[in-house]
Amino acid sequence: MAISSSVQIKSVSHWFGKGTMRRKVLNSISFDIAPGEVVLLTGPSGCGKTTLLTLIGALRKVQEGDLLVFGNQLRGSRRKTRQELRRHIGMIFQGHNLLRCLTAEQNVQMGADLLPGTSYRSRRDQAREWLREVGLQDELRKLPHDLSGGQKQRVAIARALAARPKLLLADEPTAALDSVTGREVVDLLKKLAREQASSVLIVTHDPRILDVADRLLNMEDGCLIP
Ligand SMILES: Nc1ncnc2c1ncn2[C@@H]1O[C@H](COP(=O)(O)OP(=O)(O)O)[C@@H](O)[C@H]1O
Ligand SMILES: [Mg+2]
């Protein structure tokens with residue numbers, strides 16, 4: 001079967017809580033993302049954006065509906081399938097998730113460690129190159145502790161890009177950045193999408209970056225607004 005979409009979502013619903021506390025947070029979501037496409041997802045806080053992103057990133061079990069990533073069905077999938085898929089998915093989440101005891105350069109190098117057949121040296125050179133792209137060439141040796149919030153976010157972005165993912169999921173990636181850096185970062189994500197035919201899904205509140213999108217999706221109260 002030819003896979004024409006990186007992500008195919010059909011009638012995906014999701015609930016949190018048990019018994020009387022059970023609450024529907026995603027209501028029959030359907031959309032596709034094509035290879036090389038940049039899709040922006042907006043919507044008020046609490047409408048279900050992060051939940052949807054973690055489902056697509058194979059970090060959560062799909063409860064209802066079809067969710068295919070690179071043609072692999074996630075509903076009812078095996079742990080091994082999800083692990084394998086996650087190798088091709090770059091994730092930039094709020095909170096950065098940098099390793100505290102590693103320098104900026106080492107954190108980014110970890111991303112490139114997933115690439116097969118590359119030497120230590122070329123991975124290190126690539127890490128430096130990505131850090132230069134996000135404007136951190138002078139902070140290579142710093143630990144996360146010594147970086148600002150915006151700098152940490154840029155390290156997290158460089159790390160995700162270093163793995164050359166086929167799908168990149170970013171949750172409010174520009175929230176902690178000034179407008180110039182925010183612009184540079186989304187342009188970089190777009191460049192990755194173009195050059196490597198990667199798909200990019202960005203959750204954002206940032207009106208300054210909406211024009212980067214090939215397509216805008218709007219969510220409200222667990223539903224996509226047509
Ligand atoms: N782990 C969880 N357990 C229970 N409820 C959750 C959990 N995560 C999120 N929620 C709730 O689900 C809804 C959607 O949350 P979320 O996907 O984080 O929205 P958004 O990212 O759009 O702000 C919110 O009402 C939130 O409180
Ligand atoms: Mg969120």
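This text follows the structure it describes.
Numbering of residues starts from 1 in each chain and follows the order in which that chain's sequence is written. Throughout, the order in which chains and ligands are written sets their labels, letters from A for the former and numbers from 1 for the latter. Owing to the predicted nature of the model, reporting of local features is limited to residues with pLDDT of at least 70; listing and counting of side-chain atom pairs is limited to 80 or more, with chain, interface and lining totals taken over all residues. No hydrogens and no water enter the side-chain calculation; it runs on all heavy atoms of the structure.

Undergrad: Would you mind going over the packing of aromatic side chains in detail, with residue names and values included?
TA: Side-chain rings of Phe, Tyr and Trp, where Trp is taken by its six-membered ring, are said to pair if the distance between their centres is within 6.5 Å; with planes under 30 degrees apart they count as stacked, over 60 as edge-to-face, and otherwise as tilted. One pass over the full model with this rule turns up zero aromatic pairs. In this structure, K166 packs its charged tip against the face of F70, placed 4.7 Å from the ring centre. Only when the NZ atom of a Lys or the CZ atom of an Arg is both within 6 Å of the ring centre and within 35 degrees of the ring normal do we say a charge sits over the ring.

Undergrad: I'd like to hear about the site of ligand 1, residue by residue, with values.
TA: Surrounding ligand 1, one finds F16, R23, V25, P44, S45, G46, C47, G48, K49, T50 and T51. Between N or O atoms, a polar contact is any pair within 3.5 Å; within protein, one atom must be a potential hydrogen donor and the other a potential acceptor, and residues adjacent in sequence are included only when both atoms are from side chains. One of the side-chain nitrogen or oxygen atoms of R23 is found 2.7 Å away from an oxygen atom of ligand 1. Contact distances for ligand 1 include 3.2 Å between an oxygen atom and a backbone N or O atom of C47. All accessible areas in this document rest on Shrake-Rupley with a 1.4 Å probe, and a residue is counted as covered only by the protein chains that are shown. Alone, ligand 1 offers 560 Å² of accessible surface; in the complex the protein occludes 59% of this. Those elements that place two or more of their residues in the shell around ligand 1 are strand 2 (23-33) and helix 1 (49-56). For helices the rule is a DSSP run of H or I covering at least 4 residues; for strands it is a run of E covering at least 2, with both sets numbered from the N terminus onward. Ranked by residues supplied to the shell around ligand 1, first place goes to helix 1 with three residues. Of the residues belonging to the shell around ligand 1, the class tally is four nonpolar, five polar and two charged. Throughout, the term near means that a residue has one or more heavy atoms lying within 4 Å of the molecule or strand in question. Residue classes follow a fixed rule: Ala, Val, Leu, Ile, Met, Phe, Trp, Tyr, Cys and Pro count as nonpolar, while Asp, Glu, Lys and Arg count as charged, and any other residue, Gly among them, counts as polar.

Undergrad: Hey, could you go over the environment of S119 for me, with residue numbers and the actual values?
TA: Within the secondary structure, S119 is located in the loop between helix 3 (104-112) and helix 4 (120-133). Taking C-alpha positions, S119 is 43 Å from M219, a pair spaced 100 residues apart along the chain. A polar side-chain atom of S119 sits 3.1 Å from the main-chain amide nitrogen of S122.

Undergrad: Outline the packing of helix 5 (residues 149-162) against helix 6 (residues 179-196), listing residues and values.
TA: In contact at an axis separation of 12 Å, helix 5 and helix 6 are set at 5° when each is read in the N-to-C sense. Of the possible angle classes, the one that applies to helix 5 and helix 6 is roughly parallel. Listed contacts from helix 6 to R154, I157 and L161 of helix 5 are T181, V185, L188, L189 and L192. Here the contact of helix 5 with helix 6 is built from residues that sort into six nonpolar, one polar and one charged. Simply put, an axis is a line fit to the C-alpha atoms, just over the touching stretch for a helix, and the angle between two N-to-C directions goes from 0 to 180 degrees. Relative orientations are named as follows: roughly parallel for angles under 35 degrees, roughly antiparallel for angles over 145 degrees, roughly perpendicular for angles from 65 to 115 degrees, and oblique for any other angle. Working rule for contacts: check all heavy atoms of both residues, and any pair within 4.5 Å makes them a contact.

Undergrad: Lay out the packing of helix 4 against helix 5 in plain terms, naming residues and giving numbers.
TA: Helices that pack against each other are described as a pair by the angle of their axes relative to one another and the distance between those axes. Running from N to C, helix 4 and helix 5 point in directions that differ by 130°, and their axes come no closer than 9 Å. Our classification of the angle between helix 4 and helix 5 gives oblique. Like other packed secondary-structure pairs, helix 4 and helix 5 cross with a definite hand, here right-handed. Residue-level contacts link Q126, W130 and L131 of helix 4 to V155, A158, L161 and A162 of helix 5. Left-handed describes a crossing whose near helix is turned anticlockwise from the far helix through less than a right angle; right-handed describes the clockwise counterpart.

Undergrad: Can you lay out the environment of V134 for me, pointing to particular residues and giving the numbers?
TA: Relative to the elements of secondary structure, V134 occurs in the loop between helix 4 and helix 5. Burial here depends on accessible area, computed with a 1.4 Å probe over protein chains only, as a share of the maximum for the residue type. Under 20% is buried, over 50% is exposed, and the range in between is partly exposed. On the basis of relative accessible area, V134 is assigned to the buried category, the value being 3%. Distance in space between the C-alpha atoms of V134 and V180 is 11 Å, their sequence separation being 46 residues. Contact partners of V134, with chain neighbours within four places excluded, come to R154, I157, A158 and L188.

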